[in-house]
Structure formats: structure tokens, C-alpha cells
Amino acid sequence: MEEYKLIDELFKIREEDGIKDIQADMSFLKNRVKGVKREEIESLISCVPQANKEKILSDIDNLVADYNIMLAYYNKKYYKQGFEDAVEIQRQCK
């Protein structure tokens, strides 16, 4: 159990270091993302009745939120898994 606390603490430290790289990430992604804006979607569905329009926009927002949650989950899971593998390899090499 103590091992997992250490891994969690190391992950938090690494996560904080990652914040420093945000500008570089934004620069990298700027030319790779599709750049669809909510305003453009609203314009495209302007002829849809208001109640349906609100439902469509809400569903799109929820879909994006779901993807963000899944990405965050998998990023953390596989980062920790890789870190655990590295620790185990280092331990076995001693």
C-alpha cells in the first residue's frame, strides 16, 4: 500500500511539472485540432426549433465533456502504469 502512495505522490509532482509544458503543447496542437467553435455550430443549427437547438448544444457539450473525462482517465492510468513498470524494472536490475 505504501508503494501506491509513493507512486501517487510522484504522479502529483510529475503532473505539476506538466503544467509548465502547457504552452508548448498548445503550440503543437494549434495546427492539428479541427478548430470547430460552438458559435459555428449554433449558426448551423439556427433554423432548428429553440428547444431542439438547446438539446443539441447540450448533447454536444456533454459529448466533449465525456471525451475529456475519458482522456484524463486513460492518460493517468497509462502514465502510472508506465511509471510502475519503470520502477519494477529498476528494482529488478539491482
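Only a predicted model underlies this, so the values are computations on that prediction, with no experimental measurement involved.

Chemist: If you had to explain the overall build of the chain to someone new, which residues and values would you point to?
Modeler: Within the chain, the secondary structure is distributed over four helices and zero strands. Secondary structure elements of the chain occur, N-terminal to C-terminal, as α-α-α-α. The C-alpha atoms of the chain give 20 Å as radius of gyration, which overshoots the globular expectation for 94 residues (12 Å, by more than 25%). Taken along its principal axes, the extent of the C-alpha atoms in the chain is 70 × 30 × 20 Å.

Chemist: Help me get a handle on the packing of aromatic side chains, residues and values and all.
Modeler: Counted under the stated rule, the structure contains two aromatic pairs. Relative to Y74, the ring of Y73 lies with its centre 5.1 Å away and its plane at 75°, an arrangement referred to as edge-to-face. The partly exposed category is assigned to Y74, whose relative accessible area is 41%. With centroids separated by 6.0 Å and ring planes inclined at 10°, the aromatic side chains of Y74 and Y78 adopt a geometry described as stacked. On the criterion of helical spacing, the pair formed by Y74 and Y78 is a turn pair, its members being four residues apart in helix α4 (residues 50-93). For Y78, a relative accessible area of 45% puts it in the partly exposed group. Between the NZ or CZ atom of R32 and the centre of the ring of F28, over which it lies, the distance is 3.8 Å.

Chemist: Kindly report on the side chain of K53, identifying the contributing residues and their values.
Modeler: Looking at where K53 falls in the secondary structure, it is placed in helix α4. Buried within the structure, K53 lacks any salt-bridge partner; E42 is the closest side chain of opposite charge, at an N-O distance of 6.2 Å. Excluding anything up to four places from it in sequence, K53 contacts E42, I45, S46 and V48.

Chemist: Explain α4 to me, and be specific about the residues and the numbers.
Modeler: With 44 residues, α4 should reach 64 Å at 1.5 Å per residue; the first-to-last C-alpha distance of 64 Å fits that figure. Among the residues of α4, K53, L57 and K80 are the ones counted as buried.

Rules used in this analysis
- Residues numbered from 1 in each chain as written.
- Predicted model: local features only at pLDDT ≥ 70, side-chain atom pairs only at ≥ 80, totals over all residues.
- Heavy atoms only, no water.
- Helix = DSSP H or I, 4+ residues; strand = E, 2+ residues; numbered from the N terminus.
- Rg over C-alpha atoms; globule rule 2.2 N^0.38 Å.
- Phe/Tyr/Trp six-rings, centres within 6.5 Å; stacked < 30°, edge-to-face > 60°.
- Buried < 20%, exposed > 50% of the residue type's maximum accessible area, 1.4 Å probe, protein only.
- Lys NZ or Arg CZ within 6 Å of the ring centre and 35° of its normal.
- Lys, Arg positive; Asp, Glu negative; His and termini not counted.
- Salt bridge = Lys/Arg side-chain N within 4 Å of Asp/Glu carboxyl O.
- Contact = heavy atoms within 4.5 Å.
- Expected span 1.5 Å × (residues − 1).

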